[in-house]
Amino acid sequence: MDGRDLVRSVESSVGSARAALGLGAVRAAWRRWRADAGGLPPRGPVRARVPGTVRDVEPGPGGGLIGFSRSALRILVAVNGAVFWGWDDAAPEPSYALAGRCPEPDPRAVLEPHKDGGWRVVAERVTVVVSRHGAVEVLTPGGVTLRRDLPPRWWEPVGGGTARWMQRSEVPADARFFGLGGRVPGPRLRDGTHRLWNTGRGRAPGCAGDAGSVAMPTQVVVADAGTHLVFHDNSWGGTVTLRAGEEGAGSGHDRAGTSELSMDGGPVRCWVMVGTPARVLLAWASLTGAPALPPAWALGHHHARWGGGEEEVRRVVAGHREHGLPLDAVHLGAGHLDSGEAFTVDEERFPKLPVLADELRREGIRLVSVVAPGVGAAPGGPVYGGGARGDAYVRGASGEVVRGLSWSGEAVFPDFTGARAREWWGGLYAERLAQGFSGCWHALDEPTSFAAFGEPTLPRSARHALDGRGGDHREAHNVYGLCMAKAAYEGLRTGLPGERPFVLSGSGWAGVQRYAGVWAGGTGAGWPGLRASLALVLGLGLCGVPYSGPDVGAVDGVRSPELYLRRLQLAAYLPLFRTYTGPGAEGGEAWEFGAEVLRHARAALVERRRLLPYFMTLAHLARRTGAPYVRPLWWAAPEDRALRDCEDAFLLGDGLLVAPVLGPGVDRRPVRLPRGRWYDTVTGRVYRGPGRVLVDAPLGRIPVLARAGAVLPVRGDDGGTELEVWAPARGRIGGGLFVPDAGDGWEEPEIERYTVRWSGARVVVGREGADGADGAGGPGRPVRVRGLVSGGGQM
């Protein structure tokens, strides 16, 4: 079976494709085992080590170096308010997470003696205390403890080599854990052990401790005392074991929450950011880089297809047009590649691909190509030779090029942790642009095997450049997808310097947002998969990846009109809105589910298009502030414990609250509201928070509530932008932002700021900075005020 036959067989049955590759998968697993047996250091006796006690101190800008009897702790407060510390004198650089050089130290932060032989650094927003035995405590300016890291412990091989280590931390009893790249169930992280090793999509992410495809050692911890983000800058594999705290009843003592991080190697170093959720994410973005700004079309409706040819694509596009379903992009899967090889075209199926791309572009629809890292191992292949000449492929411990499995069958894999390999690979995207594609989505980039989803395709002993440092796959695995996304982003930007690159990554690590969004793919079967998709998007947003989303019609083999519609309705309010048709997908196109589902699907898609100016504004704000589009309900009120535990609704920006239906047979659902006045955007009914209310959720829509006083930029009937204003409560003022976007390019538009207030019996909308008697002139855009006459209320 050649690559082309393999890919086509998948279209009829993923199971049969796996069976066809079963023997190959066994051989590949055997090769990995054999390579690791000979390429990794043998296990032997280890020697435990702890830091010991303080011996000497060297103050420096923003902190200094504290010497212990068996280690040294470097501590630094940066000008952005973030705090770094590293054991064994570990420095912040080199790091794949950082956007550039380490931030400058804060000259106001000084290392000074503390009680009982310890030391401390006092900064504007945080105080860090180091005990004489090496415990590190993070406190608010008022002296309340947010986090206490106990001294780390290393297990060092007696004969030399990489040491394993463990760090145990304590947080307040009321604290809740979030993050780790997005987990299921979630977004609040459950008690138990969470794996830090990017895996594929063979099962629901988070199942049985799996990390999913984006595993980050990044935690957001929310407690009454405050919010903090902690990032352990170490890409090695490991685990995090969490246990929520418990507050004592009556005169009982509180039991602190705990986090135990165990890593297979690498440095013991971390960053901590303290403040409100918005301030924490701003500091995180300043450290790891601003999220890439997507082109405007990328915020519309995408449709992905695994196979089919040109006529099938035209049929799908015509079907959307005929049924009044907005469509902005079509994603082509492995079925359009020749033998499953990246940067090729199956000319039998797509004889005139550039012509097709041009036709679609004139209709306002872009083409996006799938790209996988596996390169056909045949020396005469269309891609293989260029990488071989540049020594771009991953090699084993003994120097041979490592082989694994991909869509093309037996494959070799570029070493994206090397600058030369990234430059060569990035240059290949010029071929995709020449074919008419406007962007790419990456698959199998964890990297994992196509034949056995979730299984690694490279042995842990495989050697990587790691940008000049050298190392093996144990350190490179989690950053492989990040480095592939960087190569694609830079290649596309070189090929089309006047346009914003569009890259979707299937995998990633801290900092991937600089180059790509993340597609969540199949999030599991049935209704649990629907809930999982929301958890993943919320979790990724809190880890600095604001542009992400699941596939509607993911590969789970469940055909249910109700489930399909509820998935679609949720996805219409997520940053990446992509439907999918392929092997085992639940159903097919929206019109194949009947007239009722089609009518409701059309309403969801039309509403998404109406909200495009709002989504584009959120994209610009994410780039400038790090704030995710999709936010947990506690975003503006982390002290509200009821909101911290709410996982079935979310905020879309500051103006909207979305409460998806996550179970079957639901026509009404309870919604937890933050403080304030909220309007049902369909009925106009008024609800008041904080509290829990019951809201209608018929099959045709999910509850969406607008905050009183919100100013939302939306698309008007004429295609221009108008302002949808929701009346504030009497005696209150409101406002909102709009960032006008040209659709593409690198211009940084000014933010338009609007205010809304009552003036007698009228609601007055003004634009800050415009000419006017009170310093706030008219908005200069069409305005539609809603909420003046409500359909009843509920306390």
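Everything in this summary refers to the structure shown in the same document. (Residues numbered from 1 in each chain as written. Predicted model: local features only at pLDDT ≥ 70, side-chain atom pairs only at ≥ 80, totals over all residues. Heavy atoms only, no water.)

Topic: the overall build of the protein
- A count of helices and strands for the protein gives 15 helices and 47 strands.
- Relative to the globule expectation of 28 Å for 795 residues, the C-alpha radius of gyration of the protein, 27 Å, shows essentially globular dimensions.
- Projected onto its principal axes, the C-alpha positions of the protein cover 75 × 70 × 50 Å.
- Considering only contacts in the protein between residues 6 or more positions apart, those separated by 24 or more positions represent 68%.
- Summed over its atoms, the accessible surface of the protein is roughly 29100 Å², and 51% of this surface lies on carbon and sulfur atoms.
- Charge separation in the protein, taken as the distance between the mean sites of 93 positive and 85 negative side-chain charges, equals 3 Å. (Helix = DSSP H or I, 4+ residues; strand = E, 2+ residues; numbered from the N terminus. Rg over C-alpha atoms; globule rule 2.2 N^0.38 Å. Contact = heavy atoms within 4.5 Å. Areas by Shrake-Rupley, 256 points an atom, 1.4 Å probe, with all protein chains shown as cover. Lys, Arg positive; Asp, Glu negative; His and termini not counted. Charge placed at Lys NZ, Arg CZ, Asp CG, Glu CD.)

What about helix α13 (residues 595-610)?
- Between the first and last C-alpha of α13 there are 22 Å, a value that for 16 residues agrees with the 22 Å anticipated at 1.5 Å per step.
- Within α13, burial applies to V597, L598, H600, A601, A604, L605, R608 and R610. (Expected span 1.5 Å × (residues − 1). Buried < 20%, exposed > 50% of the residue type's maximum accessible area, 1.4 Å probe, protein only.)

Topic: the nonpolar core
- Within the largest apolar cluster, 88 residues are counted, with the highest numbers of intra-cluster contacts made by W271, M273, W425, Y429 and L657.
- Ranked by the residues each element gives to this core, the list is headed by helix α10 (residues 480-495), at nine residues.
- Once residues within four sequence positions are removed from consideration, M273 is found in contact with A82, T227, H228, L229, V280, A283, W284 and L287.
- Core analysis: the next-biggest nonpolar cluster, separate from the first, contains 84 residues, A443, Y573, A622 and A710 among them. (Core = buried A, V, L, I, M, F, W, Y, C linked by side-chain atoms within 4.5 Å.)

Structural notes on the pattern of salt bridges
- Within this structure, the stated rule accounts for 48 salt bridges.
- Of the charged contacts, one joins D174 and R644 as a salt bridge, the two residues approaching to 3.0 Å between their closest N and O atoms. Pair noted here: D174 is in the loop between β12 (164-171) and β13 (176-179) and R644 is in helix α15 (residues 641-644), with a separation of 470 residues, a long-range link.
- By relative accessible area, which is 2% here, R644 ends up buried.
- Measuring nitrogen to oxygen at the nearest pair gives 2.9 Å for the salt bridge that ties R176 to D645. Taken together, the positions of R176 in strand β13 and D645 in the loop between α15 and β35 (650-652) put the pair 469 residues apart, joining distant regions of the chain. (Salt bridge = Lys/Arg side-chain N within 4 Å of Asp/Glu carboxyl O.)

A look at unusual backbone geometry
- At the junction of V184 and P185, the peptide bond is cis and its omega measures out at -5 degrees in the coordinates.
- Within the secondary structure, P185 is located in the loop between β13 and β14 (192-196).
- Omega for the bond connecting E446 with P447 falls within 30 degrees of zero, at -5 degrees, which places this linkage in the cis form.
- Looking at where P447 falls in the secondary structure, it is placed in the loop between β26 (439-442) and β27 (463-464).
- In the Ramachandran plot, L180 falls in the positive-phi region, its phi being about 60 degrees despite a non-glycine side chain.
- Judged by its relative accessible area of 0%, L180 falls in the buried class.
- Phi is positive for F343, which is not a glycine, with a value near 65 degrees.
- Looking at the element boundaries, F343 is found in the loop between β21 (329-332) and α6 (353-362).
- By relative accessible area, F343 is classed as buried at 8%.

Digging into the packing of aromatic side chains
- What the rule picks out here adds up to 21 aromatic pairs.
- Note on W87 and W154: the rings are 6.5 Å apart at their centroids and 75 degrees apart in plane angle, and the pair reads as edge-to-face. Within this pair, whereas W87 is found in strand β5 (residues 83-87), its partner W154 is found in strand β11 (residues 153-157), the two being separated by 67 residues in sequence.
- For the ring pair F178 and W634, a centre distance of 4.9 Å and an interplane angle of 50 degrees mean the geometry is tilted. One end of the pair, F178, is in strand β13; the other, W634, is in the loop between β34 (630-631) and α15, with 456 residues separating them in the sequence. Here the two residues F178 and W634 agree in accessibility, since each one is buried. (Phe/Tyr/Trp six-rings, centres within 6.5 Å; stacked < 30°, edge-to-face > 60°.)

Focus: the pairing of strand β33 (residues 577-581)
- With respect to burial, β33 is a largely interior element, five of its five residues being buried.
- Neither face of β33 is left uncovered, since the one carrying F577, T579 and T581 and the one carrying R578 and Y580 both have all their residues buried.
- Inspection of the sheet shows strand β20 (residues 301-305) paired to β33 by five bridges, in the parallel sense. Counted as the bridge partner of R305 is T581 from β33.
- In the sheet, strand β32 (residues 551-552) pairs with β33 via two bridges, with the strands oriented parallel. Across the sheet, V552 pairs through a bridge with T579, a residue of β33. (Pairing = 2+ DSSP bridges.)

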